[in-house]
Amino acid sequence: MLRVGELIDKYEIVKPIARGGMGIVYEARHKHIKTRVAIKMLLDNLALDPRVRTRFEQEAYFQAQLKHANIVVVQDFIVEAGTLGFVMDLVDGPSLEQVMGVERQGPWPLKDALRVMMPVLDALAYAHARGVVHRDLKPANVLMDRSGDELGVPKITDFGLAKILATDGGMTKTGAMLGTLPYMSPEQFRGARDVDARADVYALGMMLWRLLVGGLPVNANDMSQCSELYMGR
């Protein structure tokens, strides 16, 4: 884990702001021009695995190709002392998960739900038109930029499970369940290899359901419920 004030490449670490399965996200500052950025650093123990390094590089590559107002932009890539990281725009605001779970629990008015979901839909349509499927779309991967107003502007991030529709470079194996319950599509739950843009559409539907209803139709911690929903049992 990087220390506050530590220099990585040309960026000074300000503070850690999030941790995921593959890395830690830090707020950082460019040492010369002082711009604020977010840096996702691959965990040291995972950096030793060539397959994980390839997937991390793939995440940065996919996200860097997508230039859209509602997708977090990747600016730079860091290779230093055996570890990897990529530099992104810093979003001033919480995730949609934090907003729904803490600030605005329960059903949302339709107009507010659409203010969030329409830009997300537009961003996904943009990505799909360029052959990129997210495969792990969920409220935690939508950041709400509040530099303009209280509700915020949604920005999709975390393309760690993304794939190019034409090929995934052999990274996906049949039978590997990739995604996050309950936003995971049935074909992802079953471990299908040929997951396409419809998986993201399913996740969008579950997100909209939660916004409008105030909850989800299935408990992600109850595998019997999940099996009934996904497998018809």
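For the structure, see preceding data.
Note that this is a predicted model, so its numbers are computed, not measured.

### Section: the pairing of strand β4 (residues 36–42)
Across a regular strand the side chains alternate sides, sitting on one face of the sheet and then on the other. With six of seven residues buried, β4 lies mostly within the body of the structure. In this antiparallel pair of consecutive strands, strand β3 (residues 23–30) and β4, the connection spans five residues, and Lys34 shows a positive phi of 65°. Alignment of β4 against strand β6 (residues 83–89), held across five bridges, turns out to be antiparallel. Paired with Val37 across the two strands is Asp89, which belongs to β6.

### Considerations on empty space enclosed by the protein
Taken as a whole, this structure holds two cavities of 30 Å³ or more when the rule is applied. When its volume is computed, the second largest cavity comes out at roughly 40 Å³. In this structure, the second largest cavity is lined by eleven residues; those nearest its centre are Arg135, Asp136, Leu137, Tyr183 and Gln188. By residue number, the principal contributor to the lining of the second largest cavity is helix α5 (residues 197–213), which donates three residues. Split by residue class, the lining of the second largest cavity holds five nonpolar, three polar and three charged.

### Notes on the nonpolar core
Counting residues in hydrophobic clusters, the biggest one holds 30 residues, and the most contacted among them are Leu96, Trp108, Leu137 and Ile156. Of all elements in the fold, only α2 (96–103), α3 (110–129), β8 (142–145) and α5 reach the threshold of two or more residues within this core. Take this core: its biggest share by element is eight residues, from α3. Leaving out residues up to four positions away in the same chain, Leu137 has contacts with Leu124, Val142, Ile156, Tyr183, Asp200, Ala203, Leu204 and Met207. Core analysis: the second largest hydrophobic core is formed by 15 residues, Val52, Phe56, Leu84 and Met88 among them.

### Here's the deal with the sheet that holds β4
With antiparallel pairing, six strands are arranged side by side in an open sheet as β1-β2-β3-β4-β6-β5. One side of each edge strand has no neighbouring strand; the edge strands of this open sheet are β1 (7–8) and β5 (74–80). Contacts from helix α1 (residues 50–65) reach β4, β5 and β6 within the one sheet, and its direction differs from that of β6 by about 20°.

### A short note on the packing of aromatic side chains
Enumeration according to the criterion identifies three aromatic pairs in this entry. Look at Phe56 and Phe77: their rings are 6.5 Å apart centre to centre, the planes differ by 55°, and that puts the pair in the tilted class. Pair noted here: Phe56 is in helix α1 and Phe77 is in strand β5, with a separation of 21 residues, a long-range link. Given the relative accessible area of 0%, Phe56 is considered buried. Among the residues examined, Phe77 registers a relative accessible area of 30% and is labelled partly exposed. Relative to Phe86, the ring of Phe56 has its centre 5.1 Å away and its plane inclined at 40°; by these criteria the two rings are tilted. Residue Phe56 is found in helix α1, and its partner Phe86 is found in strand β6; the two are separated by 30 residues along the sequence. The exposure classification of Phe56 matches that of Phe86, with both residues buried. The ring centre of Trp108 lies 4.3 Å from the NZ or CZ of Arg104, which sits over that ring.

Definitions and limits used
Residues numbered from 1 in each chain as written. Predicted model: local features only at pLDDT ≥ 70, side-chain atom pairs only at ≥ 80, totals over all residues. Heavy atoms only, no water. Buried < 20%, exposed > 50% of the residue type's maximum accessible area, 1.4 Å probe, protein only. Helix = DSSP H or I, 4+ residues; strand = E, 2+ residues; numbered from the N terminus. Pairing = 2+ DSSP bridges. 1 Å grid on protein atoms, 1.4 Å probe; cavity = no way out; pocket = protein on both sides within 12 Å on 5 of 7 lines; lining within 4 Å. Points joined across faces, edges and corners; volume = space filled by probe spheres on them. Nonpolar A, V, L, I, M, F, W, Y, C, P; charged D, E, K, R; others polar. Core = buried A, V, L, I, M, F, W, Y, C linked by side-chain atoms within 4.5 Å. Contact = heavy atoms within 4.5 Å. Axes fitted to C-alpha atoms, helices over the stretch in contact; angles between N-to-C directions. Phe/Tyr/Trp six-rings, centres within 6.5 Å; stacked < 30°, edge-to-face > 60°. Lys NZ or Arg CZ within 6 Å of the ring centre and 35° of its normal.

Shape is all these values report; function is a separate question.
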